[in-house]
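Chain residues, written in single-letter form:
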Amino acid sequence: MASIAVLGCMWGDEAKAKIVDYLGAEVDYVVRFQGGSNAGHTIVAEGRKYVFHTIPSGILYAHSQCLIGAGVVVDPFSLIKEIRELEAAGLTLQNRLTIDDRAGLVLPLHQMLDLGSEARLKDSKIGTTGRGIGPAYADLTARAGLRLGDLAHPRYLRQRITELYEYHHIPVATDELTALLANLKDAYKQLKQYISPISPILHEARQREASILFEGAQGSLLDRTWGTYPYVTSSHTVADAIGSGTGFSLRHIDKIIGVYKAYCTRVGEGPFPTELFGTLGDNIRITGNEFGSTTGRPRRVGWFDGVMAAYTARLNGIDAIALTLLDVLSGLDEIKICIGYESGGKTLSEPPAHHLDLAKVRPIYITLEGWKEDITRVRSFKALPHSAQFYVKAIADILDVPVEIVSVGKDRKQTFMIQAGGTA
Ligand code: IMP
Ligand code: MG
């Protein structure tokens, strides 16, 4: 497999990092193309837990190169913290990490704006991670933002930051500005060795047929355009973002794997048609440890939404499904899958674009038999209980895409492949 993409296809937290980590054993490059430190990617390997925010999780494999693309927004201070934490855990990053100088810069000002905007919105707040991601992307679009490459030009940097404060009509004291510039100078000293354009690296990698894995952050339903706007993140999370976020054409990607959780979760505000309230939702949240890895917030939980899932399978043009957290559903008497929406007497097979209309739909469910067995030790499709096999097949049928990878636990080893035909 020359180049593959692993994309979260719902509202994020589909356990993409686990799939990247599983496939990463065989790849030469792991690449992030969008988002920033709002992402929280958790991996458990050899009994040890790692949480990644900006650095691609492929860093766990000593042989793989990790690239952060131009489509990412980088908070230099949180990135340095992450680097130091990984170094303390015994990982080597030198000569293994490259960050594109076209990547956007997240500044303390952006975090302040993010929190301010959420406070102002009160009840209609987005429920952001508060990392300054939205304001950083907005500034880049307005051409007022800064990029990592600006750190190499101190005088220009000072001018641009001054202009940025002016743009936001926020006064900044000279000593505050001087302190910020000193901190950025120090950050640059630490990051300089990692900064370089990644597009030529990817081009060269492709020419010598090296394997490349593109790692999505967040999920398709948080895409700035295609998600549940305005309850979305501020980057594009669908497959198309790979090209613009890395300088590696989407046309050269051989396979797109869509990652779906066996049920749905969402953190933050916004419509969620299959959301479960009460003890059933609470139980799934606890069994699945559904608490945000960046903010620690409890995630909202719901049944698998086949309408949304089929929509994002199509948006991304996925070739295969990786189905995660299947083990969390063990022990339930019955499991539901949403196969359509009912709205105003009509049946919908496509999610309405407007969040107010989406908030009104009623899910149409099919009910499947659950299974009681613990499946965390299962390592093949055939060894799954029959009703779990049936559940996996139902999802493949609804999306009309094969399920190729199944995850039944947090550990790297608790993963197996399904051969074509779904019976291996
Ligand atoms: P922001 O990306 O911090 O601006 O947050 C916008 C929305 O995206 C909020 O609902 C967040 O909870 C959600 N979000 C951002 N990053 C992630 C993630 O990595 N996983 C799940 N939800 C996320
Ligand atoms: Mg996450």
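Residues numbered from 1 in each chain as written. Chains lettered and ligands numbered in written order. Predicted model: local features only at pLDDT ≥ 70, side-chain atom pairs only at ≥ 80, totals over all residues. Heavy atoms only, no water.

The subject of this paragraph is the overall build of the protein chain. When helices and strands are counted, the protein chain shows 12 helices and 19 strands. In summary, the protein chain has a C-alpha radius of gyration of 22 Å against a globular reference of 22 Å for 424 residues, a match within 12%. Going through the 424 residues of the protein chain one by one, you find that 56% of them count as buried. Considering only residue pairs separated by 6 or more positions, the protein chain has 75% of its internal contacts joining residues 24 or more positions apart. Looking at the protein chain, you have 45 positive and 47 negative side-chain charges, and the mean spots of the two groups are 2 Å apart. (Helix = DSSP H or I, 4+ residues; strand = E, 2+ residues; numbered from the N terminus. Rg over C-alpha atoms; globule rule 2.2 N^0.38 Å. Buried < 20%, exposed > 50% of the residue type's maximum accessible area, 1.4 Å probe, protein only. Contact = heavy atoms within 4.5 Å. Lys, Arg positive; Asp, Glu negative; His and termini not counted. Charge placed at Lys NZ, Arg CZ, Asp CG, Glu CD.)

A word on the coordination of the magnesium ion (ligand 2). Taken together, Asp13 (OD) and Gly40 (O) make up the full set of protein donors to the magnesium ion (ligand 2), lying 2.2 to 2.4 Å away. With aspartate 13 in the loop between strand S1 (3-8) and helix H1 (16-24) and glycine 40 in the loop between strand S2 (29-32) and strand S3 (41-45), the pair connects residues that are 27 residues apart, well separated along the chain. By relative accessible area, which is 22% here, aspartate 13 ends up partly exposed. (Donors = N, O, S within 2.8 Å, 3.2 Å for Na, K, Ca; no water.)

On to the domain arrangement of the protein chain. Considered domain by domain, the protein chain is made up of domain 1 (3-100 + 195-255), domain 2 (104-192) and domain 3 (260-417). Facing the 26 residues of domain 1 at the interface are 23 residues of domain 2. Between domain 1 and domain 2 lies a buried interface of about 2,000 Å² when both sides are counted; carbon and sulfur atoms form 67% of it. The largest contributions to the domain 1 side of the interface with domain 2 come from Val73, Phe77 and Ile195, which together make up 31% of the buried area. Along the contact surface separating domain 1 from domain 2 lie 0 salt bridges. Joining domain 1 to domain 2, the criterion identifies 9 residue pairs in polar contact (both at pLDDT 80 or more). (Domains from an automatic or database assignment. Buried area = accessible area lost by both parts, 1.4 Å probe. Salt bridge = Lys/Arg side-chain N within 4 Å of Asp/Glu carboxyl O. Polar contact = N/O pair within 3.5 Å; in protein donor to acceptor, adjacent residues only side chain to side chain.)

Turning our eyes to something else, we now look at the site of ligand 1. Around ligand 1 sit 16 residues, and of these Asn38, Thr129, Thr233, Val267 and Arg297 come closest. In this structure, asparagine 38 approaches ligand 1 through a side-chain N or O atom, which is 2.8 Å from an oxygen atom. Measuring from an oxygen atom of ligand 1, one finds a side-chain N or O atom of threonine 233 at 2.6 Å. Relative to its unbound accessible surface of 470 Å², ligand 1 loses 96% to contact with the protein. Spatially, ligand 1 is embedded in the largest pocket. When its residues are assigned to classes, the shell around ligand 1 shows 6 nonpolar, 8 polar and 2 charged. (Near = heavy atom within 4 Å. Areas by Shrake-Rupley, 256 points an atom, 1.4 Å probe, with all protein chains shown as cover. 1 Å grid on protein atoms, 1.4 Å probe; cavity = no way out; pocket = protein on both sides within 12 Å on 5 of 7 lines; lining within 4 Å. Sits in = over half its atoms within 2 Å of the grid points. Nonpolar A, V, L, I, M, F, W, Y, C, P; charged D, E, K, R; others polar.)

Right, let's get into the sheet that holds S2. The sheet built from 9 strands is open, its strands ordered S7-S5-S2-S9-S1-S10-S14-S18-S19 with mixed pairing. The open sheet is flanked by strand S7 (97-99) and strand S19 (415-417), the only strands paired with a single partner. For this sheet, the mean inter-axis angle between neighbouring strands, taken without regard to orientation, is 20°. Across 4 bridges, the pairing between S2 and strand S5 (residues 65-68) is parallel. When the sheet's bridge partners are listed, arginine 32 is paired in S5 with isoleucine 68. (Pairing = 2+ DSSP bridges. Axes fitted to C-alpha atoms, helices over the stretch in contact; angles between N-to-C directions.)

The tally for this structure, following the rule as stated, stands at 17 salt bridges. Linking aspartate 282 and arginine 285 is a salt bridge whose minimum nitrogen-to-oxygen distance equals 2.9 Å. One end of the pair is aspartate 282 and the other is arginine 285, both in helix H9 (residues 279-287) and 3 residues apart, which spans about a single turn. The exposure class assigned to aspartate 282 is partly exposed, which follows from its relative accessible area of 34%. Residue classification places arginine 285 among the buried positions, given a relative accessible area of 16%. The shortest N-O distance in the salt bridge between aspartate 333 and lysine 372 comes to 2.6 Å. Residue aspartate 333 is located in the loop between strand S14 (320-324) and strand S15 (334-343), and its partner lysine 372 is located in the loop between strand S17 (362-369) and helix H12 (386-399); the two are separated by 39 residues in the primary sequence. Overall, the relative accessible area of 60% leaves aspartate 333 in the exposed class. Overall, lysine 372 belongs to the exposed group, its relative accessible area being 55%.

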